[in-house]
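# Per-entry structural report
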Amino acid sequence: MDLRGFLTVVVRRWPSCAACLLLGALAAWAVNALTTPVYEARTQLFVATHAGADTTQLNQGQSFSQARVLSYANIVNTRQVTEPVVTELRLPTTPDELAGRIRAEAPVNTVLIDITVSDTDPRRAAHIANAVAVRFGRVVERLEIPRTAVAAEPVSPVTLGVTQQATAPSVPVSPRPLLNLAVGLLGGLLLGVALAALRETLDTTFKTAEALSELTALAPLATIPFDNDAPLHPITEGEAAHSPRAEAFRRLRTNLQFAQVGERPRIISVTSSLPGEGKTNTAANLAVSLARAGIATCLVDADLRRPCLAGTFGLVQDAGLTSVLIGQAPAADVMQQATAGLAVLTSGPMPPNPTELLSSARMGEVLQELAAAYEAVIVDTAPLLPVADTVGLAPLTQGTLLVVRASKTSREQVRTAVDSLRNVGARPLGAVFSMAEVAKGGYGSYGTYGELPAPRPEARRRAAGDPQDAGARG
């Protein structure tokens with residue numbers, strides 16, 4: 001995956017990234033709110049040696065102090081220092097715990113020792129640091145007294161003096177809100193990007209029609225854009241006739257007509273792998289588009305388990321395909337007119353044996369009768385994977401359109417559906433990529449060129465032959 005593809009994945013999965021960013025910010029807030037503030041008090045000691053006024057002795061003393069000061073720094077958190085400090089200040093802690101809160105550093109090429117003490121109380125941290133400095137100086141001076149000294153009061157060759165008293169700090173060193181927030185946001189962003197990449201890797205659905213074509217070797221006849229208004233207005237008529245979705249169905253009609261110029265199929269079944277992929281909507285709007293082009297079209301509802309066309313067009317479902325199949329009525333008697341040039345044969349009463357009815361010889365005869373009466377017959381069928389209805393019906397038609405929902409149907413499901421069609425000798429005409437995301441700039445990647453302007457109200461009245469408008473013209 002190149003950088004552009006990676007950025008595309010991140011943009012497509014932006015809700016996950018945003019959620020992880022929010023999670024990181026909340027984690028930083030929780031750390032800042034729940035962490036007890038810790039303060040650090042700092043004091044500084046100067047290591048001096050007793051030497052005469054001679055320059056040589058002074059240099060020797062300086063070298064001696066620099067050589068010993070690193071060793072002194074390692075003594076600051078021993079029990080010789082911490083135990084008396086705990087007793088003197090009556091601290092609610094043990095000498096070992098106090099030792100863990102003391103840090104000593106000796107800057108290179110100096111005779112200075114920096115002592116830092118951390119505590120949850122700023123004043124107590126300063127008191128402990130000053131007490132540790134005093135006690136530490138005494139311990140070092142006592143350790144440096146020669147054991148062979150014979151004087152009444154042995155004198156240490158070094159002296160540790162405090163050059164900087166510890167004061168109560170005003171700002172805690174922990175937590176650091178801005179740093180924690182930055183770390184939380186960065187961690188959330190990295191987690192979101194990693195989660196987006198992982199989901200993209202594990203996602204086996206189709207994002208583009210090209211990917212669908214590569215897997216199935218089916219021609220991508222059309223990409224139907226997702227439309228929030230489709231559930232309420234499934235048929236692209238009226239104002240919807242000039243929408244990007246209506247233009248996509250017109251493109252499907254055109255591609256379907258030119259895909260098989262030599263042997264154009266007249267009986268076309270429309271199916272999908274699973275329910276909810278838009279097969280009924282595709283079949284209905286394809287039939288409407290063909291009828292608008294002046295092609296006498298018949299739309300057949302052969303999904304006998306969940307018929308939808310009667311409700312889509314507002315027709316009666318009491319008599320229909322099943323009535324014809326069992327010999328109760330001829331097709332012409334139960335055919336209903338949906339729009340100009342479009343007849344609809346609804347499913348009729350729901351039968352107990354839909355698979356047997358749809359794969360029967362009588363079904364083939366009915367389709368041939370319809371093909372003789374109409375220029376195009378569009379058959380809405382059941383999904384391929386849940387039931388075997390379409391597997392028996394597809395060979396009776398002259399071609400099958402497979403509808404695949406974008407970002408919903410997996411590769412394995414589509415592969416199984418295509419194999420089931422080919423195994424029974426059905427003829428796949430191509431694939432329709434439905435409910436696809438469309439760029440915000442307009443229809444597809446070509447701007448708004450494909451979107452026809454909606455006609456004015458007066459233009460619609462003229463087209464409908466409004467009598468008031470006719471009188472005005474007269």
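Remember, predicted model here, so these are calculated numbers, not experimental data.

Moving on to the overall build of the protein. The helix and strand tally for the protein stands at 19 helices and 12 strands. Buried residues in the protein amount to 42% of all 474 residues. Once local pairs closer than 6 in sequence are excluded, the contacts in the protein between residues at least 24 apart make up 77%. If you sum the accessible surface of the protein, you get close to 24,900 Å²; carbon and sulfur atoms cover 57% of it.

Turning our eyes to something else, we now look at the nonpolar core. Of all hydrophobic cores here, the largest spans 31 residues; its most connected members are Tyr72, Ile113, Ile115, Val132 and Phe136. For this core, the secondary-structure elements that each account for two or more residues are strand 1 (39–49), helix 3 (55–73), helix 4 (79–89), strand 3 (112–119), helix 6 (122–143) and strand 4 (158–164). Formed by 30 residues, the second largest nonpolar core is a distinct cluster that contains Ile224, Ile235, Leu252 and Leu299.

What follows deals with the sheet that holds strand 9 (residues 342–345). Each strand in a sheet pairs with another by means of backbone hydrogen bonds, the pair being arranged parallel or else antiparallel. Pairing is mixed in the open sheet, where eight strands are placed in the order 5-12-11-6-10-7-9-8. One side of each edge strand has no neighbouring strand; the edge strands of this open sheet are strand 5 (220–225) and strand 8 (336–339). Looking at each pair of strands side by side, their axes are set apart by 25° on average, direction ignored. With three bridges joining them, strand 8 and strand 9 adopt antiparallel strand pairing. In the strand pairing of strand 9, Gln336 is matched with Val344. Along the sheet, helix 10 (residues 279–292) contacts strand 6 (267–272), strand 7 (297–301), strand 9, strand 10 (376–380), strand 11 (399–405) and strand 12 (428–436); its crossing angle with strand 10, the most-contacted strand, is approximately 165°.

Moving on to the pairing of strand 6. Across the six residues of strand 6, six count as buried, placing the element largely inside the fold. When strand 6 meets strand 10, the two strands line up parallel, connected through four bridges. Considered in strand 10, the bridge of Ser269 is made with Val379. Across five bridges, the pairing between strand 6 and strand 11 is parallel. Bridge pairing links Thr271 to Leu402 in strand 11.

Right, let's get into the environment of Gln336. Among the structural elements, Gln336 can be located in strand 8. Note: C-alpha distance between Gln336 and Gln317 (19 residues apart in sequence) is 9.9 Å. Gln336 has contacts with Leu315, Val316, Ala319, Leu342, Ala343, Val344 and Thr346, leaving out every residue within four places of it along the chain. Within the structure, Gln336 has its side chain in polar contact with the backbone oxygen of Val316 (distance 2.5 Å).

A few words now on empty space enclosed by the protein. Counted under the stated rule, the structure contains one cavity of 30 Å³ or more. Considering only enclosed or pocket space, the largest cavity measures out at about 50 Å³ in volume. Surrounding the largest cavity, Thr236, Ala246, Phe249, Arg250, Arg253, Asn285, Ser289 and Arg292 form its lining. Counting residues per element, the ones that place at least two in the lining of the largest cavity are helix 9 (244–259) and helix 10.

Neither face of strand 9 is open: one carries Leu342 and Val344, the other Ala343 and Leu345, and all of them are buried. As paired elements, strand 7 and strand 9 share four bridges and run parallel to each other. Looking at the pairing, Val300 lines up with Leu345 of strand 9. Connecting strand 8 to the antiparallel partner strand 9 that follows it, the hairpin turn spans two residues, and Gly341 within it adopts a positive phi of roughly 85°.

Reading guide: rules and limits
- Residues numbered from 1 in each chain as written.
- Predicted model: local features only at pLDDT ≥ 70, side-chain atom pairs only at ≥ 80, totals over all residues.
- Heavy atoms only, no water.
- Helix = DSSP H or I, 4+ residues; strand = E, 2+ residues; numbered from the N terminus.
- Buried < 20%, exposed > 50% of the residue type's maximum accessible area, 1.4 Å probe, protein only.
- Contact = heavy atoms within 4.5 Å.
- Areas by Shrake-Rupley, 256 points an atom, 1.4 Å probe, with all protein chains shown as cover.
- Core = buried A, V, L, I, M, F, W, Y, C linked by side-chain atoms within 4.5 Å.
- Pairing = 2+ DSSP bridges.
- Axes fitted to C-alpha atoms, helices over the stretch in contact; angles between N-to-C directions.
- Polar contact = N/O pair within 3.5 Å; in protein donor to acceptor, adjacent residues only side chain to side chain.
- 1 Å grid on protein atoms, 1.4 Å probe; cavity = no way out; pocket = protein on both sides within 12 Å on 5 of 7 lines; lining within 4 Å.
- Points joined across faces, edges and corners; volume = space filled by probe spheres on them.

Taken by themselves, the reported measurements are silent on function.
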